[in-house]
Amino acid sequence: MFFLFPGSCLGMQDHEAPPRSIKKMKTKFKIRRFDPQKDQAPRFQEYELEVPQGATLLDCVNLIKWTQDGTLSYRMSCRSAICGSCAMKVNGHARLACKTQAKDVIKNNLVVLEPLGNMTVIKDLAVDLEPFWEKVEKVMPWLVNDEEVSPGVERLQSPEDFHKIDAASTCIMCASCFSDCCSEEVDKEYLGPTALAKAQRFVCDSRDKKQFERISKLSKEKGIWDCTHCGECSQRCPTDAKPLERIVELRNVALNSGVLNNNGARHAKAFVDSIAKSGRLNENELPVKSMGFFNIKGLLEILPVGIRMLIRGKNPPLIHHSIEDMDQVKKIFREFGEPK
Ligand code: SF4
Ligand code: SF4
Ligand code: FES
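Anyway, here's the lowdown on the structure attached to this text.

1. With respect to a nonpolar patch on the surface
So, step 1. Together, Ile296, Leu300, Leu303, Ile307 and Ile311 make up a nonpolar patch on the protein surface, roughly 530 Å² of accessible area in all.
So, step 2. Among the structural elements, Leu300 can be located in helix α13 (residues 296–311).

In C-alpha cells:
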C-alpha cells in the first residue's frame, strides 16, 4: 500500500496503512497525453486519485505513474524546488509541481495538467527545452572580466552590489516564465523572460566588464523593448527572479547608459515627454516619434497600420476631450523632475 510521506525522498513508502489523521480528497486528474511517435494528435486522459493531505502536485503525478499508469512521462528530480525540472501547466498556467500543494489547485475535485507552452512536446508533459537554452546562451550567461587577479584572490563584491543581482541569481531555470510569455508566443525570435532575467544578473554585476556591450545588444530588436509588460512571467516565477522586474531594470540601465537609438528607448522617451508636456498621451505622435522622424523605412512599415486604423475609425482623436485633474499629472512629473 502506498501513501505519501512528506519527509521521504521519493514521496512514498511501502509500509503499512496511512495514519488515521491523514485525510484524502478524491480528485480527477485530466492529463494531456501525446506521443508524437504514435499519436496523430494530443488527447486528455483522466485519472482518479485519492489525494492525501499535504501532498504536492508532484506527489500526485508520481502516485498516478507508480500506481496507475507507468507510461506517463514528465520530468522531475530534486522534489525541493531547486532543479527546476518539474514545471508544467496546471489549470492553464505554468507552475512547479513540487512546490505546489495539490489542495491549492484542486477546483471542483478536478486538476488539469498540460505540458509547458511555447515549446514542442517530446512526450506527454515533457517538452523540448532546446530553444529555451539557446536563448539563455545568447546573453552570455557568464562573467566577463579579463583583469588579472593573483591566484587564490577572489573578485570581491560589496553586499550592496550583490543586492543588485541577488534576485536574478535565484532563477532555477524552470522555464515557467518562458512557457507563459505572450511575446514569446507571437515571436519565436524574442529573447524571452528567462534569458533577460539572466542578462540582468550579468549587466548589473559590479565585477563584469561588458556592461555597455551587453546592454547595447539587449536593446536591439527582439530584446528588452519587445516585452509587453503583461507581467505573466513574474506571476509564474516560483522564485524571486521575477523577470519583468529585471527587464525594467535593464531598460533603466539602457536609458541611463545613453543607449537610445532604438524604437523602444524612443518610445519610452516620447511617452514621458508627451505626458510631462500636456498631462496626456498624444497617441498620434507616439508611433512616429518611436520609429524616428528620419527612419523612412520604419515609417513606411507602420503606414498601412495607420491607414487601416483611419478607415476603421480607430485612430485617436486629434483634439482630446478635457480630463479632470490633469494638472495633477503634470504636478507628479514636476515633483520627480523633468525627463532628460
Ligand atoms: S512581462 Fe514581458 S517577458 Fe514577461 S511574460 Fe509578459 S511579455 Fe513576456
Ligand atoms: S525566471 Fe523564474 S520562472 Fe523563469 S526560469 Fe527562472 S525561476 Fe523559472
Ligand atoms: S523536482 Fe526539482 S524543482 Fe521540482
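2. Describing the pairing of strand β4 (residues 93–96)
So, step 1. Of the two faces of β4, the one lined by Ala94 and Leu96 is fully buried and the one lined by His93 and Arg95 carries no buried residue.
So, step 2. Relative to β4, strand β3 (residues 87–90) runs antiparallel, the two sharing four bridges. Among the inter-strand pairings, Lys89 is bridged to a residue of β4, identified as Ala94.
So, step 3. In textbook terms, the turn of a hairpin is the stretch between consecutive antiparallel strands, and for β3 and β4 this stretch comprises two residues, one of which, Asn91, has a positive phi near 50°.

3. Quick word on the packing of helix α4 (residues 159–169) against helix α7 (residues 193–203)
So, step 1. At a minimum axis separation of 8 Å, α4 and α7 run at an interaxial angle of 160°. As the angle between them shows, α4 and α7 are arranged roughly antiparallel. Note that α4 runs across α7; the crossing there is left-handed. Here Lys164, Ile165, Ala168 and Ser169 of α4 come into contact with α7, specifically with Ala197, Gln200 and Arg201.
So, step 2. Considered class by class, the residues forming the contact of α4 with α7 number three nonpolar, two polar and two charged.

4. Let's talk about the packing of aromatic side chains
So, step 1. Summed over all chains, the structure comprises two aromatic pairs.
So, step 2. Look at Phe132 and Trp133: their rings are 5.0 Å apart centre to centre, the planes differ by 75°, and that puts the pair in the edge-to-face class.
So, step 3. Classification of Phe132 as buried rests on a relative accessible area of 1%.
So, step 4. With a centroid separation of 5.4 Å and an interplanar angle of 85°, the aromatic rings of Phe132 and Phe178 are classed as edge-to-face. You can see Phe132 sitting in helix α3 (residues 130–138) and its partner Phe178 sitting in helix α5 (residues 176–179), a full 46 residues away along the chain.

5. A few points about the site of ligand 2
So, step 1. Near ligand 2, the surroundings consist of 13 residues, among which Cys171, Cys174, Ala175, Cys177 and Cys237 are the closest.
So, step 2. For the shell around ligand 2, the residue count by class is ten nonpolar, three polar and no charged.

6. Details of the environment of Cys60
So, step 1. Along the chain, Cys60 falls in helix α1 (residues 57–67).
So, step 2. In this structure, the C-alpha to C-alpha distance between Cys60 and Thr27, residues 33 residues apart in sequence, is 9.9 Å.
So, step 3. With residues near it in sequence (within four places) discarded, Cys60 still touches Phe29, Leu49, Val51, Ala55 and Ala102.

Conventions used here
- Residues numbered from 1 in each chain as written.
- Chains lettered and ligands numbered in written order.
- Predicted model: local features only at pLDDT ≥ 70, side-chain atom pairs only at ≥ 80, totals over all residues.
- Heavy atoms only, no water.
- Patch = residues over 30% accessible without salt bridge, like charges linked within 9 Å, V, L, I, M, F, W, Y side chains within 5 Å.
- Areas by Shrake-Rupley, 256 points an atom, 1.4 Å probe, with all protein chains shown as cover.
- Salt bridge = Lys/Arg side-chain N within 4 Å of Asp/Glu carboxyl O.
- Helix = DSSP H or I, 4+ residues; strand = E, 2+ residues; numbered from the N terminus.
- Buried < 20%, exposed > 50% of the residue type's maximum accessible area, 1.4 Å probe, protein only.
- Pairing = 2+ DSSP bridges.
- Axes fitted to C-alpha atoms, helices over the stretch in contact; angles between N-to-C directions.
- Parallel < 35°, antiparallel > 145°, perpendicular 65-115°, else oblique.
- Left-handed = near helix turned anticlockwise from the far one by under 90°.
- Contact = heavy atoms within 4.5 Å.
- Nonpolar A, V, L, I, M, F, W, Y, C, P; charged D, E, K, R; others polar.
- Phe/Tyr/Trp six-rings, centres within 6.5 Å; stacked < 30°, edge-to-face > 60°.
- Near = heavy atom within 4 Å.

Read these as geometric descriptors, not functional statements.
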